[in-house]
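Listed below, chain by chain, are the residues.
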Amino acid sequence: MTGIPSSESSDDVDHMYALLADAGALIVHGLATAEQVAAVRSDLAPHVEAATAAPDNPEDFYSGHTHRVTALMHRSPTARDLMMHPIVEAMGERHLTPNCKTWTLNVSAALEVGPGARDQILHREEDLYPFFELPRPNLILASMWAMSDFTIDNGGTQIVPGSHTWPADRKVEPQEIVRAEMPAGSVLFWLGGVLHGAGANVTDDEWRYGMILTYNLSFLRQEENQHVSMPLADALQLPPGMQARLGFGQDNGDGLGLFDPRPVLGL
Ligand SMILES: O=C(O)CCC(=O)C(=O)O
C-alpha cells in the first residue's frame, strides 16, 4: 500500500470513511477556515510561546526542538468547535460507535515541530491499551489539524498505510513510511492501529504547527485527564453534546461517569 489518500470536505462521507478504513489514514482538505486557524493560533499563542523546546535525547518518545501544549479545550473555544466538526463526527460515528454507546475526546495537544527535530518514534495510538492483541478492535480515531502547511521537510506526520491490519510481529520497512503533506486548514485522520509519528524537520527556520485531537471509546480511560484539564464549573457551561464528547456525559446508558453537579454549583 502506498501513499495517503485525500478527499475534499464536500466529498461523500461514506466514501471518505471507506478510504480511511482501507489505508488507515486520510487527508481531508479545507475543514478549517483561515479564520478558524487564526483563532486557534491566537487562543493558544501565549501557551505555545511559553512552551520550551528541550534539546534532543534520541531515546525520548518526543523529539527535542518540539513545543507541546495540552488542555486545548479549556484554552480555545474555536478548538472546541473543531473537536466537533461534522466530518469528525461522521468519521467517529462510523469508526467508534459500532464498539461503544458513545465516544470521547482522548487527548488534545498543540504540536510545533521545529528545525532540527528528528523523526518521532513510530507508535500506535492504541498502544495505550495493551490488553488487546494486535491487530486490535477499533478503539481510537486520531486527527491532526494543520495549523500551518505540513511538508515532507518541515515535520509532516509519518504514516505507515495499512499497518492497522498488521500482526504484532510484522516490522515496518523504511520505504513503507510516508509523510503527510497538506495545507493549513486540512486534517489528517488516522486509525488508532496505524503506525505513525511526527516527522523530522530538516528546514532551517520553519516550524510545523499541528493540533492533534484523538477520540476513544467512552468506556476506556482518556489519555488526557479532561476532568482536570477542564474545570467542572466551566464544563457545566458548555452545550450537553460538547460536555459528553469531553467525557462529562452521564448519558451513556451504562452508568459510567455518574456524578452530581450540585456541590460544584453550591446547591
Ligand atoms: O506531531 C505529529 O505529527 C504526530 C504526533 C504524535 O504522534 C503524538 O503526539 O503521539
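Residue positions are given per chain, counting from 1 as you read along its sequence in written order. The model is predicted, so local features are restricted to residues of pLDDT at least 70 and side-chain atom pairs to those at 80 or more, both for listing and for counting; the totals for chains, interfaces and linings are taken over all residues. Note: side-chain values were computed over all heavy atoms of the structure, leaving out hydrogens and water.

Caption draft 1: How the structure looks around the overall build of the chain. Within the chain, the regular secondary structure consists of 8 helices and 10 strands. Throughout, the radius of gyration refers to the C-alpha atoms, and the reference size of a globule is 2.2 Å times the residue count to the power 0.38. Here the chain has a C-alpha radius of gyration of 18 Å; the compact-globule value for 267 residues is 18 Å, and the two agree. C-alpha extents for the chain along the principal axes are approximately 60 × 40 × 40 Å. Exposure is judged per residue with a 1.4 Å probe applied to protein chains only, and the accessible area is read against the type maximum: over 50% gives exposed, under 20% gives buried, and values in between give partly exposed. The buried share among the 267 residues of the chain stands at 51%. Contacts are assigned to residue pairs that have any heavy atoms within 4.5 Å of one another. Within the chain, contacts between residues at least 6 apart in sequence are counted, and of these 76% link residues at least 24 apart. Of the roughly 11,900 Å² of accessible surface on the chain, 54% is carried by carbon and sulfur atoms. Both charge centroids of the chain, one from 16 positive and one from 35 negative side chains, sit 6 Å from each other. In DSSP terms, a helix is any run of H or I states spanning at least four residues, a strand is any run of E spanning at least two, and both are numbered starting from the N terminus. Calculation of accessible area relied on Shrake-Rupley with a 1.4 Å probe; when residues are assessed, cover is drawn exclusively from the protein chains displayed. Neither His nor the chain termini are counted; the positive set is Lys and Arg, and the negative set is Asp and Glu. Charge positions come from single atoms, namely NZ of Lys, CZ of Arg, CG of Asp or CD of Glu.

Caption draft 2: Examining the site of the ligand more closely. Near, as used in this document, describes a residue that has one of its heavy atoms within 4 Å of the molecule or strand being considered. With respect to spatial proximity, the complete set of residues near the ligand consists of F61, Y62, L111, Q120, H123, E125, M144, T157, H196, G197, A198 and R208. Pairing of N or O atoms within 3.5 Å defines a polar contact, subject to two protein rules: one partner must be a possible hydrogen donor and the other a possible acceptor, and residues neighboring in sequence count only if both atoms are side-chain atoms. In this structure, an oxygen atom belonging to the ligand sits 3.3 Å away from a side-chain N or O atom of Q120. T157 places a polar side-chain atom, nitrogen or oxygen, 2.6 Å from an oxygen atom of the ligand. A per-class count over the shell around the ligand returns 5 nonpolar, 5 polar and 2 charged. We call Asp, Glu, Lys and Arg charged. Ala, Val, Leu, Ile, Met, Phe, Trp, Tyr, Cys and Pro are nonpolar, and the rest, Gly among them, are polar.

Caption draft 3: Structural detail: the side chain of Q226. As for its position among the elements, Q226 is in helix α6 (residues 226-229). Q226 sits in the buried class, given a relative accessible area of 1%. Excluding its chain neighbours within four sequence positions, the residues that come into contact with Q226 are L105, N106, V107, S108, L246 and F248.

Caption draft 4: Structural view of the sheet that holds strand β7 (residues 178-179). What the 3 strands build is an open sheet, ordered β7-β6-β9; its pairing is antiparallel. The sheet is open, and its two borders are formed by β7 and β9 (196-197), each paired with just one other strand. Sheet analysis places strand β6 (residues 158-159) next to β9, joined by 2 bridges and oriented antiparallel. Across the sheet, residue Q158 finds its bridge partner in β9, namely G197. Pairing between strands is defined by DSSP: at least two bridges between the two strands are required.

Caption draft 5: Region of the structure containing the packing of aromatic side chains. Stacked, tilted and edge-to-face are the three classes applied to pairs of Phe, Tyr and Trp rings, where Trp contributes its six-membered ring and a pair requires centres within 6.5 Å; stacked means planes under 30 degrees apart, edge-to-face means over 60, and tilted covers the rest. A complete count under the given rule lists 3 aromatic pairs for this structure. Ring geometry for F61 versus Y62: centroids 5.0 Å apart, planes at 80°, classification edge-to-face. Both rings, one in W103 and one in Y215, keep their centres 5.4 Å apart while their planes meet at 80°; by these two values the pair is edge-to-face. Here the residue W103 occupies a position in strand β4 (residues 103-113), and Y215 occupies one in strand β10 (residues 208-217), the gap between them amounting to 112 residues. Y215 shares its class with W103; the two are buried. Geometry around W166 places R170 over its ring, the cationic atom sitting 3.8 Å from the centre. For a ring to carry a charge above it, either NZ of a lysine or CZ of an arginine must fall within 6 Å of the ring centroid while also lying within 35 degrees of the normal to the ring plane.

Caption draft 6: Main features of the environment of A23. You can see A23 is positioned in helix α1 (residues 13-23). The buried category is assigned to A23, whose relative accessible area is 5%. For the pair A23 and F132, spaced 109 residues apart in sequence, the C-alpha separation works out to 21 Å.

Caption draft 7: Region of interest: a negative patch on the surface. By definition, no residue in a patch forms a salt bridge, and every one has over 30% relative accessible area; like charges are joined within 9 Å, nonpolar side chains (Val, Leu, Ile, Met, Phe, Trp, Tyr) within 5 Å. The term salt bridge refers to a pairing of a side-chain nitrogen on Lys or Arg with a carboxyl oxygen on Asp or Glu at a separation within 4 Å. On the surface, a cluster of negative charge is made up of D149, D153, E181, D204, D205 and E206. For E181, the location among the structural elements is in the loop between β7 and β8 (187-191).

Caption draft 8: Up close: unusual backbone geometry. That bond from L134 to P135 is cis: its omega, -10°, falls within 30 degrees of zero. At H65, a position not held by glycine, the phi torsion is positive, near 60°. Residues other than glycine seldom take positive phi values, yet A71 does so here, at roughly 55°. Mapped onto the elements, A71 comes out in the loop between β3 (66-69) and α3 (72-75). A relative accessible area of 14% places A71 in the buried class.

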